[in-house]
Each structure stands twice: as C-alpha cells, then as structure tokens.
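# Close look at the chain arrangement
Residue-level listing of the chains:
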Amino acid sequence: MAKKQFKAESKRLLEMMINSIYTHREVFLRELISNASDAIDKIYYKALTDDALSFDKDSYFIKVIPDKENRTLKIIDTGIGMTKEELETNLGTIAKSGSLAFKKETELKDGYDIIGQFGVGFYAAFMVADLVTVTSKALGSEEAYKWESTGAEGYTIETVEKDSVGTEITLTIKENTEDENYDEFLEEYRLKSIIKKYSDFIRYPIKMDVSGRRPKEGTENEFEEYVEEQIINSMVPIWRKNKSELTDEDYENFYAEKRYGFDKPIKHIHISVDGTIRYNAILYIPEKTPFDFYSKEFEKGLELYSNGVLIMDKCADLLPDHFSFVKGMVDSEDLSLNISREMLQHDRQLKLISKNINKKIKSELQSLLNNEREKYEEFYKSFGRQLKYGVYSEFGANKEVLQDLIMFYSSKEKKLVTLDEYVSRMPEDQKYIYYASGESIERIDKLPQAEFVSEKGYEILYFTEDIDEFAVKMLMNYKEKEFKSISSGDLGIEGEENKSESESEEKESKEIFDYMKNILADKVKDVRVSKRLKSHPVCLATEGDISIEMEKILAAMPDNQNIKADKVLEINKNHEVFQSLKEAFENDKEKLELYTKLLYNQALLIEGLPIQDPVEFTNDICKIMV
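### Digging into the overall build of the protein
From N to C terminus, the protein includes 19 helices and 22 strands. Burial analysis of the protein (626 residues in total) assigns 50% to the buried set. In the protein, 69% of the contacts between residues at least 6 apart in sequence involve partners at least 24 apart. For the protein, the accessible area works out to roughly 31,600 Å², and carbon and sulfur atoms hold 45% of it.

The following block contains the structure:
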C-alpha cells in the first residue's frame, strides 16, 4: 500500500509540534478525548436539524482501554465518525480538524459547543506513540477506513471492517528511555488521574475497565481480584448547575476535591455571565494563608477551562497581585486559544473576564466586611497584609479599590477598624488621621509620643506591619484627611497660645539645646523642647518623608542604601530631668555630655533602634550610679 506524504508545511509543523508545542506529554489524552467529545457533539447537532436522526445521550460514550502486554492505548468513541475523504482532509492536513468548519456550516451557537477547533491536537499522540492507528466509520456510511501513521514520514489509508459508527484510535506506546517513562500511559491509576485532571467535565461518560480487590463471597479472609467498567469523569461541572440546586457543602466539597486548600473557605462566589463574553466561575476566599503564600515560590492564578476542558492550572492574568489569595476556576467557551490550547491567542477576552472578576471580588469582600464582620476579620488576619501591599504597589494604581478594605488596630476601640470608621467619628477640630508605628501593639501602647494625642481625645491607628506606613504614604489622604504620624515634627494640634509659650521657653533654653546638638553631632537634626511629652522625659521625632519605622524596614532589606530618618531629640521641660540638664549646663559640661548621650540612647531604645555602642552606654549608666 502506497504511503501518502503530509504536505510539506504540515510535516514541518508536526515535527515542531511533537517536540515543543505542548508543555506536558500527558495532554495528548486530553486532546484525543476532546476530539472524541466533538465527534459525539456533531451527531447531536445533526439531530437538531434532521428529523430522521434521534439523539439519546445515554447511548454515547468514550472508552479508554490500556493494554500493557501489547503496549497499546485505545480511545474509542461512538461519535459521528469520518469518511475516507474526511480522514484525508482532517488527519492528512495538520491543524484542520473539521470541527470549526462544521460549527460554521451548522451556524449553531447555543447548546453544546465544539471543543476541538485546532486539529493539531490529534498529533499530540505522537509525543507518546510510535504508531497511531485511526479506524473510523462515518454516520450513514457502509464502509469503514483505517488511517495509520508513524509520524512525519507520512500515512496510509485503507478500507477495513467496523460494525459500529464511531472512531477507534490505537496508540502503540513508545518504549521507555533514560529520560522518559512512557509506561505511565499504560497504568490504570495514571490514566484515571489524567482524565480527572483535564477531562472531568466532558459531558459524555469516559469509561475504563478498572481492577479492584474484594472479599470473596462466603469467606472471611479470602479476597478476589475483579475488573469492572467504571465512569471516570463527573460529566456535569458544578459551575454549570443552578445556584439554587447547590448547598454550601457542595461548594466546600468542590474546594476540597480540587485541592484548593486544606482549610474551609470563608466565602464562595459563583458567577454566571452571559453577555459580551460568556463565562462561569467559582471563586473562594480562603480562611488560612497557604504556607508559601508570602514567598517567591507561591503561584497565583485560577484554573482556566475552555468549555469544560482544563487549559491552564494557574492563569495568573485573571487575578491582580492584591487578590492573589483567591482560589477557584473560570470556564469560558469564548476564549481564543492557540493550536496547543495551552496559550491564549488574544487577551482581550481574558482582560474582560479579569476586570469583571476583580470587581466581583471587591464587592464580595466589602459585603463580608459590612455584614459578617467576624468572618472578615478572620480573613484579614491572613490576607490583610496583601491588601495593604496592593495599596502601595504599582505606584498606588489600586488604592481607590482597596482603601475601604484595609483595617488597623485602634487605640480607642482596642480592635481592628476601617479608615471609614475612624474618619466618621473624628472630632470637628481634628485635622489629621493619627497613627503610630511599632513592632507590636504592646510596644506602641508605651510610646511617649502617644500621650499628647490621646489626651486630646484623638484616636490613634496602630501600624504593626512593615508595609503599613508605606501604604498610607501612597494613600496620602482618606476622605480629604491626611495621615499624620504621632512622631512627626508638627502634629497640627497646638493652639497659638501654646505655640507662643513654647517658643519663649525654647528661646530661654536655646543655649542648652544647641550645646546638646553639638554633642550629638550628625546623629540628630535638632534638639528642642517637646510639645507632645507629658510624663516621659525624652523621645525622638522625625522631619521629612522617612520615619523611624521606615528607616528600620529599609535597613533590613538586602539592598540597604543606608537611608536615615531626620531625627529630632525632644526634651520634656516639665520633667525633673530638664532641671538636671540645666544645672549640668551651668556647672558641669562633662556631666551634660553624659546626660545628653544617655537621653539619646534612651530615645533610641524606646523606638527599638540599635545603640551604636552598648558598652559605652552601660559604662555611662555606671558613671551616674557612683
């Protein structure tokens, strides 16, 4: 029998495709099953317009048969089959499956859709097979034909006997090599897992003869091996069911089955859209942070299906970084895919889906915050940091989306509050949203700088995460109220009377503070009277955009650029320590130097900053003890 050659361009494409188009060899089974599903769909479409044809869905199936002994894998379908001309056209010319042409001919858009629009998928079989045999009998035809090929060398077609309509593909699986284990594609458990992974929601039953072990009837300790035909796929995806049919337990079971996480999701979101672009989605907001969530190893993304067939495990383009904690899947029959189905050909549809999904996630989180506060706070403990990072990243491009979702611990409420809640209860005379930064709530509670603001009756937000201050710097303001650190040089609280009094006091003590500033040299920008301290003797304030907490965070980074905050040492003139400074200035300059260094180091300790010379510091303490 003469071997027919593939067209030159098809031959080159086949060689390239076998070696490089597909990411994983296992997808050959996905492609062949999708083609089998298409073949059954074609009978369904014909039955809609041909009264002589009836379509009983229960009569149609796909069967996968591994044969280890002969190293063959068969994929059988009860679909429409192919004539000799169709075998020649569809399999002799690569990337022409006939499915897309069939769809255009019928002009049917509703109901079942054709999955396989890229005939190259069939040739994925050559990634795992030395020989591919296709035996097919077309609907309404008396004759059957066999197409056979060993790859790029060409193919043969001959007439054969076949009783039933449909197609049978037989792959002669390659022998193992040092690098590749082809035996896995003859293993029952491996084939089942591939079917479940990629083709679980194909709408026709995918059958396999499955072996098992059971107690022998009439005995207690004896067992027998058995083989029974089982349906491997679930067929009806949960996302295509009516929401009214589904319970919370159904969604939770799907979450567990898909291994989205080992926790129980806080919320599920079921989306069905039938508009400019059609898609279904089930999204989950997890309760617990995955162990690698805040690491480089974490991969964000949703599972992406095209008409029930898995295309991508993690489609990162569907989620922005600030919502990367969301798990779930999207299924659309409108996606334009490339020949291998693994890459999106155009991103217009994807961008539209992504935009809609992100709006939905935002509204669902807002609803959770407004109506189920306890659940939201549970979520926020796990993923609030990511939302705050989203405010800061991309130069604040997403701050409007996220600002109402972020929360901080409140000095008044002693719990997490939103910015809206803070602003809504601000006294009329309060100009700023005040915040304090520190390693923990306990540390911030003890900050000397908080005394004056708290005494005025103003609420303080506690920033305990490294991203917090960077995020509000990017926000700049909320509802026209600027953010102000309790350590900033000007708190915007002092009245004119207080200011003039402070200025006269500062003038009186100018010589002392100038002398102290001289002692500290380049360590501080200034030494001055504090307008914020009540019971504490000393604190550090800052001027400029970089705060002390920001300095600490930047110093801990690998590319530390030694960025420093402009520090101001503030002294409480109403504290006994100031009298000691005054006496030392008048009588003992050496003692004033000792006091200055001690006060500066005390202020550093309060802020959690390292002391430059701990030995000198302890020696200085000893000097005042003797």
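### Observations regarding the sheet that holds strand β8 (residues 223-231)
Overall, mixed pairing links the eight strands, which are arranged β5-β4-β3-β6-β2-β1-β7-β8 in an open sheet. Two strands bound the open sheet, and with one partner strand each, they are β5 (154-160) and β8. Mean inter-strand twist for the sheet, computed between neighbouring axes without regard to direction, equals 20°. Both strand β2 (residues 72-77) and strand β6 (residues 166-173) contribute to a ladder of six bridges, which runs antiparallel.

### Topic: the sheet that holds strand β15 (residues 416-418)
As summarised here, the arrangement of the six strands in space is β15-β14-β17-β16-β19-β18, forming an open sheet in which the pairing is mixed. Among the strands making up the open sheet, the edge pair consists of β15 and β18 (477-478). Note: strand β16 (residues 433-437) against strand β19 (residues 481-485), three bridges, orientation parallel. Of the residues in β19, the one forming a bridge with Tyr-435 is Ser-485. The strands that helix α8 (residues 373-396) touches are β14 (407-410) and β15; relative to β14, the one it contacts most, it runs at about 110°.

### Here's the deal with the layout of surface pockets
Approximately 990 Å³ is the volume found for the largest pocket. Forming the boundary of the largest pocket are 37 residues, of which Tyr-255, Glu-257, Lys-258, Arg-259 and Tyr-260 lie nearest the centre. Ranked by residues supplied to the lining of the largest pocket, first place goes to helix α6 (residues 248-257) with five residues. Among the residues making up the lining of the largest pocket, the classes are represented as 14 nonpolar, six polar and 17 charged.

### Looking at a negative patch on the surface
Together, Glu-142, Glu-143, Glu-161 and Asp-163 make up a region of like negative charge exposed at the surface. Of note, Glu-143 is situated in the loop between β3 (129-137) and β4 (144-151). For Glu-143, a relative accessible area of 42% puts it in the partly exposed group.

### Topic: helix α18 (residues 589-607)
Along its 19 residues, α18 runs 27 Å from first to last C-alpha, staying within 8% of the 27 Å computed at 1.5 Å per residue. Residues Leu-592, Leu-594, Thr-596, Leu-598, Leu-599, Tyr-600, Asn-601, Ala-603, Leu-604 and Glu-607 constitute the buried set of α18. Just downstream of α18 lies Gly-608, where phi reads positive at about 80°.

### Focus on the nonpolar core
Counting residues in hydrophobic clusters, the biggest one holds 68 residues, and the most contacted among them are Ile-357, Tyr-376, Phe-379 and Leu-387. At seven residues, helix α7 (residues 348-371) tops the list of elements feeding residues into this core. What Ile-357 contacts, discounting residues up to four positions off in sequence, is Ile-271, Tyr-279, Leu-283, Leu-302, Leu-318 and Val-330. Membership of the second largest hydrophobic core comes to 63 residues, among which are Tyr-45, Val-134, Ile-173 and Tyr-251.

Scoring rules and cut-offs
Residues numbered from 1 in each chain as written. Predicted model: local features only at pLDDT ≥ 70, side-chain atom pairs only at ≥ 80, totals over all residues. Heavy atoms only, no water. Helix = DSSP H or I, 4+ residues; strand = E, 2+ residues; numbered from the N terminus. Buried < 20%, exposed > 50% of the residue type's maximum accessible area, 1.4 Å probe, protein only. Contact = heavy atoms within 4.5 Å. Areas by Shrake-Rupley, 256 points an atom, 1.4 Å probe, with all protein chains shown as cover. Pairing = 2+ DSSP bridges. Axes fitted to C-alpha atoms, helices over the stretch in contact; angles between N-to-C directions. 1 Å grid on protein atoms, 1.4 Å probe; cavity = no way out; pocket = protein on both sides within 12 Å on 5 of 7 lines; lining within 4 Å. Points joined across faces, edges and corners; volume = space filled by probe spheres on them. Nonpolar A, V, L, I, M, F, W, Y, C, P; charged D, E, K, R; others polar. Patch = residues over 30% accessible without salt bridge, like charges linked within 9 Å, V, L, I, M, F, W, Y side chains within 5 Å. Salt bridge = Lys/Arg side-chain N within 4 Å of Asp/Glu carboxyl O. Lys, Arg positive; Asp, Glu negative; His and termini not counted. Charge placed at Lys NZ, Arg CZ, Asp CG, Glu CD. Expected span 1.5 Å × (residues − 1). Core = buried A, V, L, I, M, F, W, Y, C linked by side-chain atoms within 4.5 Å.

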